[in-house]
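Residue strings, one per chain:
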Amino acid sequence: MGRVDRYTEEDIDSVRVERQGVVEWFITARSTRHGVPVAVLLDRWLCAHPAVAAVWQFSVGYFAGIGVTGGVKWPNVCIGSAGAEGVSSAFLHGVEGAEPERLLLNGRVVGSGFRDYAARYVWLGPFESKGRSVHGNKTSGSVFGQIGDCLSSAGTGFRNLVRTWFFLRDIGSSYDTFNAERLASYDAVGIAHGVLPSSTGVGSCDPRSADIVAACMAVIPSAQGVTVRAITSPAQCPPASYGSHFSRALEVRTPDHRRLMVSGTASIGTDGKTLDASDPRKQISNTLDAVDAILRAGGVKWGEITSAVAYLRDNDLLDQVCGRCTERGLDPRSLLAARAAICRP
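Residues numbered from 1 in each chain as written. Predicted model: local features only at pLDDT ≥ 70, side-chain atom pairs only at ≥ 80, totals over all residues. Heavy atoms only, no water.

A. Main features of the sheet that holds strand S16 (residues 257-262). Spatially, 3 strands are ordered S14-S15-S16 in an open sheet, and the strand pairing comes out antiparallel. Where the open sheet ends on each side, the last strands, each with one partner, are strand S14 (227-231) and S16. Strand after strand, the sheet turns through a mean of 20° between neighbouring axes, direction not considered. Inspection of the sheet shows strand S15 (residues 249-254) paired to S16 by 6 bridges, in the antiparallel sense. When the bridges of S16 are listed, Arg-253 appears paired with Arg-258. Each of S14, S15 and S16 touches helix H4 (residues 280-297); the most contacted strand, S16, lies at about 155° to it. (Pairing = 2+ DSSP bridges. Helix = DSSP H or I, 4+ residues; strand = E, 2+ residues; numbered from the N terminus. Axes fitted to C-alpha atoms, helices over the stretch in contact; angles between N-to-C directions. Contact = heavy atoms within 4.5 Å.)

B. Molecular detail of the nonpolar core. Membership of the largest hydrophobic core comes to 34 residues, with the highest contact counts inside it found for Trp-56, Phe-58, Phe-114, Phe-167, Met-217 and Tyr-311. Dropping the residues within four chain positions of it, Phe-114 is found in contact with Arg-19, Val-22, Glu-24, Val-55, Val-95, Ala-98, Glu-99, Ala-119, Arg-120, Tyr-121 and Trp-123. Among the nonpolar cores identified, the runner-up in size contains 27 residues, and Phe-144, Ile-147, Leu-161 and Ile-220 belong to it. (Core = buried A, V, L, I, M, F, W, Y, C linked by side-chain atoms within 4.5 Å. Buried < 20%, exposed > 50% of the residue type's maximum accessible area, 1.4 Å probe, protein only.)

C. Summary view of the sheet that holds strand S8 (residues 101-105). The sheet built from 6 strands is open, its strands ordered S8-S9-S10-S13-S11-S12 with mixed pairing. One side of each edge strand has no neighbouring strand; the edge strands of this open sheet are S8 and strand S12 (198-202). Adjacent strand axes in the sheet meet at a mean angle of 15°, parallel and antiparallel pairs treated alike. Relative to strand S13 (residues 212-221), strand S10 (residues 119-128) runs antiparallel, the two sharing 8 bridges. Note on S13: the bridge partner recorded for Val-122 is Ala-218. Of the strands in this sheet, strand S11 (161-168), S12 and S13 are in contact with helix H3 (residues 171-188), which crosses S11 at around 150°.

Structure representation (structure tokens):
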């Protein structure tokens, strides 16, 4: 692993990771309702760092389907529920020292990425449902079809998928059917019983009323020494045991670095059942304990996290989440907060 530096300003936290031939930036920006808009904060940061090219963005609390600076576009996955006190926030992944690749499909920016000496790293999305259905079966199917088309356009396929994000408008009534569609899609391409991508699936969508919004990341090796492995959770059972098909975490290792991508994690026991369903504060502790177990299994410390998202039903819980994260060594300025429902109590 190369050099890692963290810089903190009033509204922006940035992590700079320097490794062989390339520098990656992980930028977290936040803005209050009456403050500088988060899009302006990011634009200012990019203008102040002209050598950095944006490759992917995740935004909470405002809509901007494509990130734009100086006429250059990149994928921006947006969900419309702001965090505490109407705070909008965004995470931006940037790269320095590598030429960014912009991926187009039917004239639309659908992806972005870069190459180093060992692999290509590609982010795709946002993908949106094309039509409404009560239980999401047709819409989820269309999303997986779009993902497959864009992976193919990027010269890869589902086997190189390492991370997915799914935001469902009505997760309570559609999650079971969505999981069935996901399994069928993975089974059709031969990965259902192999190494599955890490994933987040929550009940939140963008302001344009799509039934499902999705995004994904793929890593395509171009040299020897690149490995991908699933990390199991010592504190929880495999998601497939209750019908969800993803890995608790996925580690991508190259000769000069490794990155651990932890899936959406909730207050779930070793039997797959919800723990402390009536006590959200205990659920926060259980969730962070589960994340801690995954980090330890992957050999990662809390202080090494470059970005994180807290999905909360109640904004009043954010202070507790930030406090618990601080106790464990994660600076809460690297944390995005979004109001969202999950698939269980």
